[in-house]
Amino acid sequence: AAGVIQSPRHLIKEKRETATLKCYPIPRHDTVYWYQQGPGQDPQFLISFYEKMQSDKGSIPDRFSAQQFSDYHSELNMSSLELGDSALYFCASSTRTSGRGDNEQFFGPGTRLTVL
Amino acid sequence: QKEVEQNSGPLSVPEGAIASLNCTYSDRGSQSFFWYRQYSGKSPELIMFIYSNGDKEDGRFTAQLNKASQYVSLLIRDSQPSDSATYLCAVNRDWGKFQFGAGTQVVVTP
């Protein structure tokens, strides 16, 4: 079965540079979530999109922005990178079911960002 | 205090034994509850979800939910060395973001 695709898998940047992470959700999934996971930490929610509109916002720095495109893929844009931005960035996708809020999120393999 | 609490472990379990993982949450409006397994450096992998009080079984895994006590647990029967990982409890309200616990590290010893 198709899974969530993320690119690149690894990214090395210098401080103050910019980075763009891409996420391709599972086909027919309409919702995309971005999470940041630092070493030894649990995933922290950044932002989500449903049907190309921002649906929720978490602890996303103002230096970061994201959007979901017409084909449902999403991009996380990160500017003025700081050392503390070094982390694993996961994208997850889901599809809204009727009725209850059961919302299985399937995670992509992640992008490991290293800021030097 | 985190909205979702888990014992960090490590939880050491002999091979073939039952591993019992616990999770409590603070948001009474939470509707869906998930258990993910995460190997070091890898992405979280969905094991089970549950949204009704009681037990839900899937193979060697059983999830238990008690909304009155705001408590969800995961039992792993016949633990295998490949079960050694960090287990994340995630709680969801409507279709929103997941609130994750800090994870419980499980170590299955031969």
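Let us look at the structure shown here.

Before going further, it helps to spend a moment on the nonpolar core. Counting residues in each nonpolar core, the largest one holds 23 residues, and the members touching the most others are Leu 21, Trp 35, Val 72, Leu 74 and Tyr 87 of chain B. For this core, the elements supplying multiple residues, two or more each, are β3 (19–25), β4 (32–38), β5 (45–50), β7 (61–66), β8 (71–76), β9 (85–92) and β11 (104–109) of chain B. Excluding residues within four positions of it along the chain, Leu 21 of chain B makes contact with Leu 11, Trp 35, Val 72, Ser 73, Leu 74, Ile 76, Tyr 87, Thr 104 and Val 106 of chain B. In this structure, Ile 26, Ile 47, Leu 76 and Cys 91 of chain A belong to the second largest nonpolar core, which totals 22 residues.

Looking now at the state of the cysteines. Taken as a whole and judged by the stated rule, the model has two disulfides over all chains. The residue that forms a disulfide with Cys 23 of chain A is Cys 91 of chain A, at a sulfur-sulfur distance of 1.7 Å. An S-S torsion of about -50° defines the bridge between Cys 23 of chain A and Cys 91 of chain A as left-handed. Separated by 68 residues along the polypeptide, Cys 23 of chain A in strand β3 (residues 19–24) and Cys 91 of chain A in strand β9 (residues 87–94) bring together distant segments of the chain. The class of Cys 91 of chain A is buried, set by a relative accessible area of 0%. Across the disulfide from Cys 23 of chain B sits Cys 89 of chain B; the S-S distance is 2.1 Å. Here the S-S torsion is close to -70°, and the disulfide linking Cys 23 of chain B with Cys 89 of chain B is therefore left-handed. Remark: Cys 89 of chain B occurs in strand β9 and Cys 23 of chain B occurs in strand β3; sequence separation between them is 66 residues. Neither residue differs from the other here; Cys 23 of chain B and Cys 89 of chain B are each classed as buried.

Conventions adopted
Residues numbered from 1 in each chain as written. Chains lettered and ligands numbered in written order. Predicted model: local features only at pLDDT ≥ 70, side-chain atom pairs only at ≥ 80, totals over all residues. Heavy atoms only, no water. Core = buried A, V, L, I, M, F, W, Y, C linked by side-chain atoms within 4.5 Å. Buried < 20%, exposed > 50% of the residue type's maximum accessible area, 1.4 Å probe, protein only. Helix = DSSP H or I, 4+ residues; strand = E, 2+ residues; numbered from the N terminus. Contact = heavy atoms within 4.5 Å. Disulfide = S-S within 2.5 Å.

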